[in-house]
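Geometric and topological summary
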Amino acid sequence: MTDPGGAEGEGTSGSEGRGPEDAFIRLRGAARTYGEGRARVQALLPVDLDIAAGDYVSIAGPSGSGKTTMMNLIGCLDRPSAGSVEIDGRDVAGMSEEELARLRRETIGFVFQQFNLLPRSSARDNVAMPLVYHGVGRSERERRADDLLQRVGLGDRTTHRPNELSGGQQQRVAIARALVGAPRLILADEPTGALDTKTSGEIIALLESLNREEGVTLVVVTHEPALAARAARRIAMLDGRIQSDERGAAAQADRAEP
Ligand SMILES: Nc1ncnc2c1ncn2[C@@H]1O[C@H](COP(=O)(O)OP(=O)(O)O)[C@@H](O)[C@H]1O
Ligand SMILES: [Mg+2]
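A brief report on the enclosed structure follows. (Residues numbered from 1 in each chain as written. Chains lettered and ligands numbered in written order. Predicted model: local features only at pLDDT ≥ 70, side-chain atom pairs only at ≥ 80, totals over all residues. Heavy atoms only, no water.)

Let us now look at the overall build of the protein. Assigned secondary structure in the protein consists of 9 helices and 10 strands. When each of the 258 residues of the protein is scored for burial, the buried share is 51%. Within the protein, residue pairs in contact and separated by at least 24 positions form 69% of the contacts whose partners lie at least 6 positions apart. Counting every atom, the protein has about 12000 Å² of accessible surface; 47% of that belongs to carbon and sulfur. (Helix = DSSP H or I, 4+ residues; strand = E, 2+ residues; numbered from the N terminus. Buried < 20%, exposed > 50% of the residue type's maximum accessible area, 1.4 Å probe, protein only. Contact = heavy atoms within 4.5 Å. Areas by Shrake-Rupley, 256 points an atom, 1.4 Å probe, with all protein chains shown as cover.)

In structure tokens, the structure reads:
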């Protein structure tokens, strides 16, 4: 079994005095199985996990170890087969699909490996699109999209379409899009999986700046050890379980050199 209390209790880097009662994300016995009978896969064994607001957490582990399954539960993109998931003190189990969609829209920004941009739309329109669901008018949507593109260093690429941008630039557009709802939590699942090493470092540094400067809670899935090591708290998964959960000064030193 995992021991989230132990990791929280060390209090060595930035969350001093925070106990599990302050958890922004709380999983209790949360498990996920896929399929039935012979095809049944236990993708995530029952896990207890608390993540404090403002923390920077990496989730590492080999392919198939359950990283995305756990992220999808944290991000309310999926529901657990057993156990509970609470976001900001609210149990996800009792929520309708509509309430879940609203929670995601207002609280969480998602960044994925494959960017998931609309290919025929400009960077501006990709970023502005979610604001339609926030009930924002067109000119205001475009103004905010341009501000966010500026924020991620793409102020001069607002009218470019995805195929006119590099991979790193496309991921920046996706990050700008993730920021439209002013999320308190950013979930990035292998955000650098399709990028070269130098660009990966730049993308992680951009995500880290949102954590550091705006206090956004940052959870990054990566199978690259050097990137995982930069986080304040480092979770490693294996075979559907949390294998280790560390917080410590060594990684803080790494983190100071982007
Ligand atoms: N939709 C699904 N249906 C059936 N099995 C799945 C599904 N999604 C994931 N799995 C299985 O669950 C396990 C964990 O997958 P995943 O969470 O995607 O791992 P990771 O992100 O660490 O690569 C794997 O064995 C995978 O094949
Ligand atoms: Mg995955």
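Counting 36 residues, the largest nonpolar core has Val127, Leu149, Val173, Ile175, Ile186 and Leu207 as its most contacted members. Of all elements in the fold, only helix H4 (123-128), helix H5 (138-151), helix H6 (167-178), strand E7 (185-189), helix H7 (197-214) and strand E8 (217-221) reach the threshold of two or more residues within this core. When sequence neighbours within four positions are dropped, the list of residues in contact with leucine 207 reads Ile175, Ile186, Ala188, Pro191 and Leu218. Core analysis: the next-biggest nonpolar cluster, separate from the first, contains 30 residues, Ile51, Leu73, Ile87 and Ile235 among them. (Core = buried A, V, L, I, M, F, W, Y, C linked by side-chain atoms within 4.5 Å.)

Here the focus is the pairing of strand E10 (residues 241-247). Where strand E9 (residues 233-238) lies against E10, 6 bridges are found, and the strand directions are antiparallel. Pairing of alanine 236 across the sheet is with serine 244, part of E10. Two successive antiparallel strands, E9 and E10, enclose a turn made up of 2 residues, where aspartate 239 displays a positive phi of approximately 50 degrees. (Pairing = 2+ DSSP bridges.)

Right, let's talk about the site of ligand 1 for a bit. Taken together, Tyr34, Val41, Ala43, Pro62, Ser63, Gly64, Ser65, Gly66, Lys67, Thr68 and Thr69 make up the full set of residues adjacent to ligand 1. Between ligand 1 and the protein, one listed contact pairs an oxygen atom with a backbone N or O atom of serine 65 at 3.1 Å. Between ligand 1 and threonine 69, the relevant distance is 2.6 Å, taken from an oxygen atom to a side-chain nitrogen or oxygen of the residue. When the free accessible area of ligand 1 is taken as 560 Å², the share hidden by the protein chains comes to 58%. At 3 residues, the largest contribution of residues to the shell around ligand 1 is made by helix H2 (residues 67-74). Looking at the shell around ligand 1, its residues break down into 4 nonpolar, 6 polar and 1 charged. (Near = heavy atom within 4 Å. Polar contact = N/O pair within 3.5 Å; in protein donor to acceptor, adjacent residues only side chain to side chain. Nonpolar A, V, L, I, M, F, W, Y, C, P; charged D, E, K, R; others polar.)

As a further point, take the sheet that holds strand E4 (residues 82-87). Spatially, 4 strands are ordered E2-E1-E4-E5 in an open sheet, and the strand pairing comes out antiparallel. Of all strands in the sheet, those with a lone pairing partner are strand E2 (41-52) and strand E5 (90-91), marking the two edges. As judged from the 5 bridges shared by strand E1 (residues 23-34) and E4, these two strands associate in the antiparallel manner. By the bridge assignment for E4, arginine 28 is matched with serine 84. Relative to the sheet, H2 contacts E1, E2 and E4, its axis offset from that of E2 by approximately 55 degrees. (Axes fitted to C-alpha atoms, helices over the stretch in contact; angles between N-to-C directions.)

The next thing to look at is the side chain of threonine 33. Within the secondary structure, threonine 33 sits in strand E1. When near neighbours in sequence (up to four residues on either side) are disregarded, threonine 33 contacts Arg40, Val41, Gln42, Ala43 and Ser81.

A word on the pairing of E2. The sheet contact formed by E1 and E2 spans 8 bridges and is antiparallel. From the neighbouring strand, isoleucine 25 faces E2, where its bridge partner is isoleucine 51. The hairpin turn running from E1 into E2, its antiparallel successor, is 6 residues long, and glycine 35 in that turn takes a positive phi close to 75 degrees.

To continue, consider the pattern of salt bridges. Applying the stated criterion to the full structure yields 20 salt bridges. Note that arginine 143 and glutamate 140 form a salt bridge whose closest N and O atoms lie 3.1 Å from each other. Pair noted here: arginine 143 and glutamate 140 are both in helix H5, with a separation of 3 residues, about one helical turn. For glutamate 140, a relative accessible area of 29% corresponds to the partly exposed category. The salt bridge involving arginine 151 is made with glutamate 214; its shortest N-O contact spans 2.9 Å. In this pair, arginine 151 is assigned in helix H5 and glutamate 214 in helix H7, connecting sequence segments 63 residues apart. Among the charged side chains, a salt-bridge network with shared partners connects Glu140, Arg143, Arg144 and Asp147. (Salt bridge = Lys/Arg side-chain N within 4 Å of Asp/Glu carboxyl O.)

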